[in-house]
Amino acid sequence: MSKHLKILVDELVSFSLLQEAIIPYIPTLITQLTQKLLAVSKNPSKPHFNHYMFEAICLSIRITCKANPAAVVNFEEALFLVFTEILQNDVQEFIPYVFQVMSLLLETHKNDIPSSYMALFPHLLQPVLWERTGNIPALVRLLQAFLERGSNTIASAAADKIPGLLGVFQKLIASKANDHQGFYLLNSIIEHMPPESVDQYRKQIFILLFQRLQNSKTTKFIKSFLVFINLYCIKYGALALQEIFDGIQPKMFGMVLEKIIIPEIQKVSGNVEKKICAVGITKLLTECPPMMDTEYTKLWTPLLQSLIGLFELPEDDTIPDEEHFIDIEDTPGYQTAFSQLAFAGKKEHDPVGQMVNNPKIHLAQSLHKLSTACPGRVPSMVSTSLNAECDTALNGILLIG
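Residues numbered from 1 in each chain as written. Predicted model: local features only at pLDDT ≥ 70, side-chain atom pairs only at ≥ 80, totals over all residues. Heavy atoms only, no water.

- An unreviewed UniProt entry annotates the protein chain as Chromosome segregation 1 like originating from Cebus imitator.

In structure tokens, the structure reads:
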């Protein structure tokens, strides 16, 4: 370890231990770090040193803004000139780091997006940035921060950029390596953008997803697709999900239930992801009239059974043999790798946290509501079709509700 790198690592350890005690010294430190950053950007030949330099910047932001969120403006004033120079000079080794720091700064803002960020927004959609695989995770995170903090501003002042945003999504989901990043972006669009701003694009989004399913279905894609359609169901309603499926092709809703949701839901991993799917499926079971009164009714009990399985059974982590091979994509030439900054890490976000705390209780309450609206129907469907294990598990869920 070089002398300069050791000093930087020691400083990081001290910051982590001292936390708020070092706040008075941070302005001086940031001035020194930005000067050093500008100097090494001319010849970024020491990757470990560069990485820890950005870690020090992120930790300084976290410590200071935890105590005083308004201080984010001071960091922006100190860093944006250097960041602009790095971006304009296309310093490939630093660009993913710059985007991560900018995400951290933007997420610290509590109100609307400052104009300095909005000026950058169109440039983030330029195809050349997305050609480099090392940029993709940081760019997606930054676009998510834009959507979380400024969806209304984008819808009103940058509506002409929405097709470009969806173009990025289209590029990402075409890639087996980056399709999950495309879903991260799409989920943020669905969750945060005003519904009317994306109305005209919704059908095309689903068509693109079905084309990918048809041409190149993988377990990773299926898991992301399941989370997306359930988030869509939560955001726009169960009936809207059924209508958009059947608007693309008659009876497609039934095919998606039978061929994808019911048999594959056990593959979903992650507590938040499972919760999204549980709440979405509960809506399909209890807030979608065609599930009670059409040919789709025969799928009601199998769907309930799959939801109970999601609650009670272990995750299905099996992967087909053919998916164990690494898909080498067409990325010719040198590509800067993405390195995650530990102190720029993003907190896990639960999009249904304010709506539903316990998805089992939510299912019990929703079934009770449906039983009241359709007397006799729910007990009849459960008693005639649900297997014994699921019936026992359901009784336990109903008791806690």
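### Re the packing of aromatic side chains
Part 1 of the reasoning: Counted according to the given criterion, the structure contains 17 aromatic pairs.
Part 2 of the reasoning: Their ring planes at 80 degrees and their centres at 5.3 Å tell us that F54 and F94 sit as a pair that is edge-to-face. Of this pair, F54 sits in helix 3 (residues 47–67) while F94 sits in the loop between helix 4 (72–88) and helix 5 (95–108), placing them 40 residues apart in sequence.
Part 3 of the reasoning: Judged by relative accessible area, which is 0%, F54 ranks as buried. (Phe/Tyr/Trp six-rings, centres within 6.5 Å; stacked < 30°, edge-to-face > 60°. Helix = DSSP H or I, 4+ residues; strand = E, 2+ residues; numbered from the N terminus. Buried < 20%, exposed > 50% of the residue type's maximum accessible area, 1.4 Å probe, protein only.)

### Brief notes about the packing of helix 8 (residues 136–157) against helix 9 (residues 162–173)
Part 1 of the reasoning: Where helix 8 meets helix 9, the closest approach of the two axes is 13 Å, and the angle between their N-to-C directions is 150 degrees. By the criterion of interaxial angle, the relationship of helix 8 to helix 9 is roughly antiparallel. Handedness of the helix 8/helix 9 crossing: left-handed. Note on element contacts: helix 9 touches helix 8 through I162, L165 and L172, opposite I136, V140, L143, L147 and I154.
Part 2 of the reasoning: Grouping the amino acids of the contact of helix 8 with helix 9 by side-chain chemistry returns 8 nonpolar, no polar and no charged. (Axes fitted to C-alpha atoms, helices over the stretch in contact; angles between N-to-C directions. Parallel < 35°, antiparallel > 145°, perpendicular 65-115°, else oblique. Left-handed = near helix turned anticlockwise from the far one by under 90°. Contact = heavy atoms within 4.5 Å. Nonpolar A, V, L, I, M, F, W, Y, C, P; charged D, E, K, R; others polar.)

### Some remarks on the side chain of R141
Part 1 of the reasoning: Here R141 is to be found in helix 8.
Part 2 of the reasoning: Residue R141 is classed as buried on the basis of its relative accessible area of 9%.
Part 3 of the reasoning: Each residue touching R141, except ones within four places of it in the same chain, is listed here: S103, L104, E107, A344, G345 and K346.

### Comments concerning the packing of helix 14 (residues 238–248) against helix 15 (residues 252–264)
Part 1 of the reasoning: Interhelical geometry of helix 14 versus helix 15 gives an angle of 110 degrees and a closest axis separation of 7 Å. As the angle between them shows, helix 14 and helix 15 are arranged roughly perpendicular. Taking contact as the criterion, the partners of Q242, F245, D246 and I248 in helix 14 are, on helix 15, M252, F253 and V256.
Part 2 of the reasoning: Tallied by class, residues from the contact of helix 14 with helix 15 come to 5 nonpolar, 1 polar and 1 charged.

### Quick word on unusual backbone geometry
Part 1 of the reasoning: One non-glycine residue, D90, adopts positive backbone phi at about 55 degrees.
Part 2 of the reasoning: In this structure, K251 is a non-glycine residue whose phi angle is positive, near 70 degrees.
Part 3 of the reasoning: Looking at the secondary structure, you find K251 in the loop between helix 14 and helix 15.

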